[in-house]
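Structural overview
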Amino acid sequence: PYWLALRRAGLGSTSFALLLAKFGSIEEAWRAAPGDWRAAGVEEAYARSLARVRAGFDAEKELAALERAGARALTWRDAAYPERLRQIPQSPPVLVVRGAAGPEFDQAVAVVGTRSVTPYGRQATEAFCTALAELGVAIISGLARGVDAIAHRTAVERGAPTAAVLAGGIDQVYPRENAGLAERIAEVGCLVSEYPLGTPARRDYFPRRNRILSGLARAVLVVEAG
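Because the structure is a prediction, the values reported are computed rather than measured.

**Brief notes about the packing of aromatic side chains**
In this structure the tally under the stated criterion is 7 aromatic pairs. With centroids separated by 6.2 Å and ring planes inclined at 75°, the aromatic side chains of Phe16 and Trp76 adopt a geometry described as edge-to-face. Placement of the pair is Phe16 in helix 2 (residues 13-23) and Trp76 in the loop between strand 1 (72-75) and helix 7 (83-86), with a sequence separation of 60 residues. Judged by relative accessible area, which is 0%, Phe16 ranks as buried. Centre to centre, the rings of Tyr174 and Phe206 are 6.0 Å apart; their planes meet at 65°, and the pair counts as edge-to-face. Linking Tyr174 in the loop between strand 5 (162-165) and helix 10 (179-188) with Phe206 in helix 11 (residues 205-216), this pair joins segments that are 32 residues apart in sequence. When its relative accessible area of 47% is taken as the criterion, Tyr174 is described as partly exposed. Among the residues examined, Phe206 registers a relative accessible area of 17% and is labelled buried. Members of the aromatic cluster, connected to one another through ring pairs, are Tyr2, Trp30 and Phe57.

What follows is the structure in structure tokens.
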């Protein structure tokens, strides 16, 4: 839960790495004094944010919320953390995952593209994803309108695993029109987020999640994008 607490405070991979190097574990870092966080190299603003979160954080409540959501949290220290994702720049310290399979797949391709898909783009997305699904390749996408939703839906209809990387908490599906699709994805694959439960999707989170999409996949297929 302390990894999630640090994420609630806004700390990212750089701060996590600094704290692990200084204290050896995130739990020890959590219990340290704010001055020690700053001495470890954590920026003043993040140290203040972490102090505020610590004052009101309830570890048991956080774990209970994860259990109610049917989710689990994977950290850098967990063996189940996707190995390919460890290799990317700014690898997310925590992944919140809900679903029957994943987020690591032997073979996976990310399929992304425009929200304003043309008829040709729809046809191309369905054709590629059908072929990949028939080969047992997992489809990774972002659950957005357009290409993302078509890619996920095609995988689900073909019985192939698929993972949706969200730009908010896994309980904050955006757009809401894809909430039903999200449930179908969880049945054959998983929903993935680097953000704690309850975190609403934000404009700046969408480009940030792209590194996770590519990090979980062996290749990226872009359909109709600028």
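The rest of the description comes next.
**Looking at the sheet that holds strand 3 (residues 108-113)**
Strands sit in the order 1-2-6-5-4-3-7 across an open sheet of 7 strands; the sheet is mixed. Edge strands, defined here as strands with exactly one partner in the open sheet, are strand 1 and strand 7 (219-223). On average, each strand axis in the sheet is tilted by 25° relative to the strand beside it, whichever way the strands run. With 4 bridges joining them, strand 2 (residues 94-99) and strand 6 (residues 190-193) adopt antiparallel strand pairing. Across the sheet, Gly99 pairs through a bridge with Cys190, a residue of strand 6. The sheet strands contacting helix 9 (residues 147-157) are strand 3, strand 4 (138-141), strand 5 and strand 7, and the helix crosses strand 3 at an angle near 145°.

What counts and how
- Residue positions within a chain follow its written sequence, with the count starting from 1.
- Local features are withheld for residues below a pLDDT of 70 in this predicted model, meaning they are given only at 70 or higher, and side-chain atom pairs are given and counted only at 80 or more; totals for whole chains, interfaces and linings count all residues.
- In computing side-chain properties, one takes all heavy atoms of the structure into account and sets aside hydrogens as well as water.
- Only rings of Phe, Tyr and Trp enter the pairing, Trp through its six-membered ring, and a pair is recorded when the two centres are within 6.5 Å. The plane angle decides the type: under 30 degrees is stacked, over 60 is edge-to-face, the rest tilted.
- The helix count covers DSSP runs of H or I at least four residues long, the strand count covers runs of E at least two residues long, and both are numbered beginning at the N terminus.
- Buried means the residue's accessible area, taken with a 1.4 Å probe over protein chains only, is under 20% of the maximum for its type, while exposed means over 50%, and partly exposed covers the values in between.
- In this description, strands pair whenever DSSP reports at least two bridges between them.
- Only the stretch in contact is used when fitting a helix axis, every axis being a line fitted to C-alpha atoms; angles between N-to-C directions are given from 0 to 180 degrees.
- Any two residues whose heavy atoms approach within 4.5 Å are treated as being in contact.

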